[in-house]
Amino acid sequence: MQSNVFKTRYLLFFIFFSLIIFFLFFPITFTLEKKGQIIIFSSGYTNILLFDELSFDFNNNKFFFYYKLPYHDIQILNIINSPLRMQKGENLIQKQNRKSSAMVFYKDSHNLFKFDNYYYNRKWLEAKVKDVSSFLHNIGPIEEKVYILHLEMYRSFQILPNVYIISSFKDLAHELSHYFFGYQVKADANSTWHELLCEVNSVLFLRSFSRYRYLKELELKTVGFYYEPYGKSVINFLEYFNYDQERIFELERFILKNYKSLDDKEFENIIKKF
Ligand SMILES: [Zn+2]
């Protein structure tokens, strides 16, 4: 009888101890943001990826139990090794809901401009947001909230699915097209088909809404200003489709409807059918 009690106690102790070890290396985290200050509470060793507002790069950081992080305009935070992430913040515009996504905090989240489900931080973006929204409708609907943030950075990028950082108007259609090609249809790690399609969309968008930027873009792509697939590949693609926007949209809708993920080889096969 007594030995059974010992056994049960031993077992309980063992389970308890194992759980502590587990949550030490796969920590439960609670991230809280208030007034430009982010605090992360964690049950153990935590590995995070952070955005550096000065260099515009991502830095890796590791800590135990507690981390405090001020930010100025924007902070992008990916908690790499946490299986359970609780997230709360007055300026939290996107939660990290999978490993490859990230939390995004934007200081002025309550003063953004709004059109439909699009939120943007500059008044002058309004007309362009309306244009890009009607352009994207040709491909498919975007029902989630979309945040378009114009920031003084040297490059544009997205933190899928909701946040699009734009450094130039030229990149608007490219970045937002990643909602379809990159997010809704995932791209294989070694593939570039999604970059090609997004860049094709960017050129088509400019053709409709800024003739001058369009012609300039064609010229830059022809003279090899960009590395591939952002340069000559885009021109070749457009030529293959005779610059026929409707046919290209048809292809994009086909991919969106029929694929959850795609690699370059299968993409080539699809193109041959069009
Ligand atoms: Zn891209």
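Draft legend 1. Structural view of the overall build of the protein. The helix and strand inventory of the protein stands at eight helices and 14 strands. Considered along the principal axes of its C-alpha atoms, the protein spans approximately 85 × 45 × 35 Å. Expressed as a percentage of the 274 residues in the protein, the buried residues total 31%. A separation threshold of at least 6 residues defines the contact pool for the protein, and within that pool the share at least 24 residues apart is 52%.

Draft legend 2. Broad picture of the packing of helix α4 (residues 193-209) against helix α6 (residues 232-240). Relative to each other, α4 and α6 sit at 75°, their axes nearing to 10 Å. Between α4 and α6, the crossing angle belongs to the class labelled roughly perpendicular. Contacts from Leu196, Glu199, Val200 and Val203 of α4 reach α6 at Ser233, Val234, Phe237 and Leu238. Along the lines of polarity and charge, the residues of the contact of α4 with α6 split into six nonpolar, one polar and one charged.

Draft legend 3. Layout of the packing of α4 against helix α5 (residues 211-222). Between α4 and α5, the shortest axis-to-axis distance is 6 Å and the interhelical angle comes to 140°. In this view, α4 runs oblique relative to α5, as classed from their interaxial angle. When the axes of α4 and α5 are compared, the crossing they make is left-handed. Across the interface between the two elements, Val203, Leu206 and Arg207 of α4 pack against Arg213, Tyr214 and Glu217 of α5.

Draft legend 4. Summary view of the pairing of strand β1 (residues 28-34). Judged by which residues are buried, β1 turns out to be one-sided: Thr29, Thr31 and Glu33 face inward and are buried, whereas Ile28, Phe30, Leu32 and Lys34, on the alternate face, are not. As defined by bridge partners, β1 adjoins strand β5 (residues 84-89) across six bridges and the pair is classed as parallel. Residue pairing in the sheet places Ile28 in a bridge with Leu84 of β5. Where β1 lies against strand β2 (residues 37-51), six bridges are found, and the strand directions are antiparallel. Residue Thr31 lies in a different strand from β2, and its bridge partner there is Ile40. Between β1 and β2, which follow one another and run antiparallel, lie two residues, and Lys35 among them has a positive phi close to 45°.

Draft legend 5. Up close: the nonpolar core. Formed by 55 residues in total, the largest nonpolar core has its most connected members in Val104, Val132, Ile148, Leu149 and Tyr164. Of all the elements, α4 adds the most residues to this core, at nine residues. For this core, the domains that each give at least three residues are domain 1 (2-108) and domain 2 (112-273). Setting aside anything within four residues of it in sequence, one finds Ile148 in contact with Tyr118, Tyr120, Leu125, Val129, Tyr164 and Ile166.

Reading the values: the criteria
Residues numbered from 1 in each chain as written. Predicted model: local features only at pLDDT ≥ 70, side-chain atom pairs only at ≥ 80, totals over all residues. Helix = DSSP H or I, 4+ residues; strand = E, 2+ residues; numbered from the N terminus. Buried ≥ 20, exposed ≤ 12 C-beta atoms within 10 Å, placed from the backbone. Contact = placed C-beta atoms within 7 Å. Axes fitted to C-alpha atoms, helices over the stretch in contact; angles between N-to-C directions. Parallel < 35°, antiparallel > 145°, perpendicular 65-115°, else oblique. Nonpolar A, V, L, I, M, F, W, Y, C, P; charged D, E, K, R; others polar. Left-handed = near helix turned anticlockwise from the far one by under 90°. Pairing = 2+ DSSP bridges. Core = buried A, V, L, I, M, F, W, Y, C linked by C-beta atoms within 7 Å. Domains from an automatic or database assignment.

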